[in-house]
Amino acid sequence: MNTKLHAICDSQGRPLDLFVTAGQVSDYIGARALLSSLPKVDWLLGDRGYDADWFREALQDKGIRACIPGRKQRKTPVKYDKRRYKRRNRIEIMFGRLKDWRRVATRYDRCPKVFLSAIALAATVIYWL
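None of the values given here were measured: they were computed from a predicted structure.

A few words on the layout of surface pockets. Considered as a void within the structure, the largest pocket measures approximately 850 Å³ in volume. Ala7, Cys9, Leu44, Leu45 and Ile91 are the residues nearest the centre of the largest pocket, which is lined by 33 residues in total. Secondary structure elements with two or more residues in the lining of the largest pocket: strand 1 (3–9), helix 1 (27–35), strand 3 (43–45) and helix 4 (89–98). Looking at the lining of the largest pocket, the element that brings in the most residues is strand 1, giving 6 residues. Considered as a void within the structure, the second largest pocket measures approximately 240 Å³ in volume. Forming the boundary of the second largest pocket are 13 residues, of which Thr3, Leu5, Lys99, Val104 and Phe115 lie nearest the centre. Residue assignment for the lining of the second largest pocket shows that the elements contributing at least two residues are strand 1, helix 4, helix 5 (102–106) and helix 6 (112–128). The element contributing the most residues to the lining of the second largest pocket is strand 1, with 3 residues. For the lining of the second largest pocket, the per-class residue count stands at 8 nonpolar, 2 polar and 3 charged.

Below you can see the structure in the form of structure tokens.
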């Protein structure tokens, strides 16, 4: 019953693409699923859960610069733009606004497809209507 929501947002924090995984699954699964649907952008902001060499290389192949802090157990630290990383709060605000919808926050739906549909409906009403 535990889930993780992965999202691609634009610069204003509006969701463009959503993907749901099981709660115990690594963030790499969501990153791999959303990698093909990334729009043409200069930067990608992500949290420590998306720190992987293969993901950074895939972003570099697409011409996207990663602003992802390195994991704590990384042997060689990764440099990232800390000033730009502070803008990631827009993404956290988006998740918070989605959770204002009780159906999304409490996850009444057992089926992941129905739950993702409820999230998509909430995102459409909040951000696009």
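Mapped onto this structure's residue numbering, the UniProt feature "transmembrane region" (unreviewed entry) falls at residues 111–128. Summarising residues 111–128: 94% helix, 0% strand, and an end-to-end C-alpha distance of 25 Å.

So, about the packing of aromatic side chains. Scanning all chains against the criterion turns up 4 aromatic pairs. Between Trp54 and Phe55, the ring centres sit 5.7 Å apart and the planes meet at 65 degrees, which makes this aromatic pair edge-to-face. Taken together, a centroid distance of 5.6 Å and an interplanar angle of 75 degrees make the contact between Tyr80 and Tyr85 edge-to-face. Given the relative accessible area of 25%, Tyr80 is considered partly exposed. One aromatic cluster in this structure is built from Tyr28, Tyr50, Trp54 and Phe55. One residue, Arg32, lies across the ring of Trp54, its end atom 4.4 Å from the ring centre. Cation over ring: Arg107 sits above Phe115, and NZ or CZ is 4.8 Å from the ring centre.

Rules of the game
- Residues numbered from 1 in each chain as written.
- Predicted model: local features only at pLDDT ≥ 70, side-chain atom pairs only at ≥ 80, totals over all residues.
- Heavy atoms only, no water.
- 1 Å grid on protein atoms, 1.4 Å probe; cavity = no way out; pocket = protein on both sides within 12 Å on 5 of 7 lines; lining within 4 Å.
- Points joined across faces, edges and corners; volume = space filled by probe spheres on them.
- Helix = DSSP H or I, 4+ residues; strand = E, 2+ residues; numbered from the N terminus.
- Nonpolar A, V, L, I, M, F, W, Y, C, P; charged D, E, K, R; others polar.
- UniProt positions renumbered as here; feature names shortened; annotations may be inferred.
- Phe/Tyr/Trp six-rings, centres within 6.5 Å; stacked < 30°, edge-to-face > 60°.
- Buried < 20%, exposed > 50% of the residue type's maximum accessible area, 1.4 Å probe, protein only.
- Lys NZ or Arg CZ within 6 Å of the ring centre and 35° of its normal.

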